[in-house]
Protein chains: 2
Amino acid sequence: MITRRTQQRHAIRATFENAGRPLGPHEILNIARDVVPGLGIATVYRTLKKLVSDGELQVVELPGAPSRYELAGLAHHHHFHCRDCDRVFDVEGCPEQVTDYAPPGFRTEEHAVVLYGRCSACATG
Amino acid sequence: MITRRTQQRHAIRATFENAGRPLGPHEILNIARDVVPGLGIATVYRTLKKLVSDGELQVVELPGAPSRYELAGLAHHHHFHCRDCDRVFDVEGCPEQVTDYAPPGFRTEEHAVVLYGRCSACATG
DNA sequence: GCGGTATCGAGAATTCAATATCACTAAGGG
DNA sequence: CCCTTAGTGATATTGAATTCTCGATACCGC
């Protein structure tokens, strides 16, 4: 099964490289359609799935919201979810001692921090 | 619209008071059925909705998982999600400075921390 | 260029949490 | 105890995200 280099896949990859933040399927669709007008949502999902299983992208799950996707291999970071525009942004820095908060006997393997509020664009308006 | 005191509603309330941790609809169903054998999932959802709008319960949203519910009015805290048994537990303590991590210009209003790993029961086995 | 086939696009289908429907049950005031 | 009706249980339905189907398209090795 040879992997071909299609416009669609290229446009989706480029979308992530330009965005610099996690993107949802419909965000990707809207942005990548500027490059590939006929792009369909099925192709977006198909491509996301492939890029994730190829290790190029990572799934970003958030409370009460559909998954976002971001480039794999980024340094450990967390996320900011804007309540106005629903966009998600990366947040640098990490309260590493959070793992100590687990009750006695619990084995903590990972953690996630999500901030909620208004992004700079929405806080201004 | 008079509110009646039914066995079902009482059993569901008692379930939360005994659990001491956030519960999902099916967890509630299973536990409360020990008291009210015929209990149906529709009643669980109906009752949860009512108790939330009455301010008795709060919704706990978690990444990539159906909502849990917990008693309202608890002190600020966070959550631990066990990857083995899928149960959620409360975690005391809070890295308050996390809100400072937001990028410049962002207005942070709230935050959530979720720990992942094995709860004490699952870590032992 | 040609051909084989990976990939695409549109729409149908699936999944699963959550809600609605409706005939039946039972809480509780009189 | 009786009657009204809030509440219940089983099941159908919804809604949103995601996946599948299938005929059409376009990579790319030859």
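Okay, so let's go over this structure.

Basis of the calculations
- The residue count restarts for each chain, going from 1 along the sequence in the order it is written.
- In the order they appear in the text, chains get letters beginning with A and ligands get numbers beginning with 1.
- Residue-level local features of this predicted model are given only where pLDDT is at least 70; pairs of side-chain atoms are given and counted only at 80 or more, and the full residue set underlies all totals for whole chains, interfaces and linings.
- Excluding hydrogens and water, the side-chain values take into account all heavy atoms of the structure.
- One heavy atom suffices: a residue is near a molecule or strand as soon as one of its heavy atoms comes within 4 Å of it.
- Identification of polar contacts relies on pairs of N or O atoms within 3.5 Å, with a donor-acceptor requirement for protein atoms, meaning one able to donate a hydrogen and the other able to accept it, and with residues adjacent in sequence counted only if both atoms are side-chain atoms.
- Helix and strand definitions follow DSSP, with helices as H or I runs of at least four residues and strands as E runs of at least two, each counted in order from the N terminus.
- Any residue that is not Ala, Val, Leu, Ile, Met, Phe, Trp, Tyr, Cys, Pro, Asp, Glu, Lys or Arg is counted as polar, Gly included; the first ten are nonpolar and the last four charged.
- The fit set for superposing copies consists of C-alpha atoms from residues with pLDDT of at least 70 in both; the fit itself is least squares.
- Should any heavy atoms of two residues lie within 4.5 Å, those residues are considered in contact.
- Here, strands pair whenever DSSP counts at least two bridges between them.
- A fitted line through C-alpha atoms represents every axis, and for helices the fit uses only the stretch in contact; the resulting angles, taken between N-to-C directions, go from 0 to 180 degrees.
- Throughout, nonpolar core names a set of buried Ala, Val, Leu, Ile, Met, Phe, Trp, Tyr and Cys residues whose side chains join them through atoms within 4.5 Å.
- Throughout this description, buried means an accessible area under 20% of the type-specific maximum (1.4 Å probe, protein chains only), exposed means over 50%, and partly exposed covers the range between.

With that settled, the discussion passes to the protein's contact with DNA strand D. Surveying the vicinity of DNA strand D reveals 22 residues, the closest of which are Arg5 and Tyr45 of chain A together with Arg4, Thr43 and Arg46 of chain B. Here Gly38 of chain B contributes a backbone N or O atom positioned 3.2 Å from a phosphate oxygen of DNA strand D. In this structure, a phosphate oxygen belonging to DNA strand D sits 3.4 Å away from a main-chain N or O atom of Leu39 of chain B. Looking at the surface near DNA strand D, the elements with two or more residues in it are α3 (41-53) and β2 (65-71) of chain A together with α1 (7-19) and α3 (41-53) of chain B. Its residues assigned to classes, the surface near DNA strand D shows 8 nonpolar, 8 polar and 6 charged.

What follows is about the relation of the copies chain A and chain B. After a rotation of 179° and a shift along the axis of 0.0 Å, chain A superposes on chain B with an RMSD of 0.1 Å. In symmetry terms, the pair is related by a two-fold rotation axis. Same-surface contact between copies: 100% of interface residues of chain A are shared with the interface of chain B.

The subject of this paragraph is the sheet that holds strand β5 (residues 107-118) of chain A. Spatially, 6 strands are ordered β4(A)-β3(A)-β5(A)-β5(B)-β3(B)-β4(B) in an open sheet, and the strand pairing comes out mixed. Sheet topology places β4 (88-91) of chain A together with β4 (88-91) of chain B at the edges, where each strand pairs with a single neighbour. Within the sheet, the average angular offset between the axes of one strand and its neighbour, ignoring direction, is 30°. Where strand β3 (residues 78-82) of chain B lies against strand β5 (residues 107-118) of chain B, 4 bridges are found, and the strand directions are parallel. The partner of His79 of chain B across the bridge, within β5 of chain B, is Val114 of chain B.

DNA strand C sits among 23 residues. The nearest are Arg4, Gln8, Thr43 and Arg46 of chain A together with Arg5 of chain B. The sugar-phosphate share of atoms of DNA strand C within 4 Å of the protein amounts to 66%. Within the contact set of DNA strand C, a phosphate oxygen lies 3.1 Å away from a side-chain nitrogen or oxygen of Thr6 of chain A. Those elements that place two or more of their residues in the surface near DNA strand C are α1 (7-19) and α3 of chain A together with α3 and β2 (65-71) of chain B. If you tally residues by element for the surface near DNA strand C, the top one is α3 of chain B, at 4 residues.

On to the nonpolar core, then. Soluble, globular proteins show a tendency: their nonpolar side chains are buried together. Counting 22 residues, the largest nonpolar core has Phe80 and Leu115 of chain A together with Phe80 and Leu115 of chain B as its most contacted members. Taken together, the elements giving at least two residues each to this core come down to β3 (78-82), β4 and β5 of chain A together with β3, β4 and β5 of chain B.

All names here are of chain B. Looking at where His77 falls in the secondary structure, it is placed in the loop between β2 and β3. A distance of 2.7 Å separates the side chain of His77 from the backbone oxygen of Ala75, its partner in a polar contact. Within the local environment of His77, its side chain forms a polar contact with the side chain of Asp90, the two groups lying 3.3 Å apart.

These figures come from the coordinates and say nothing about function on their own.
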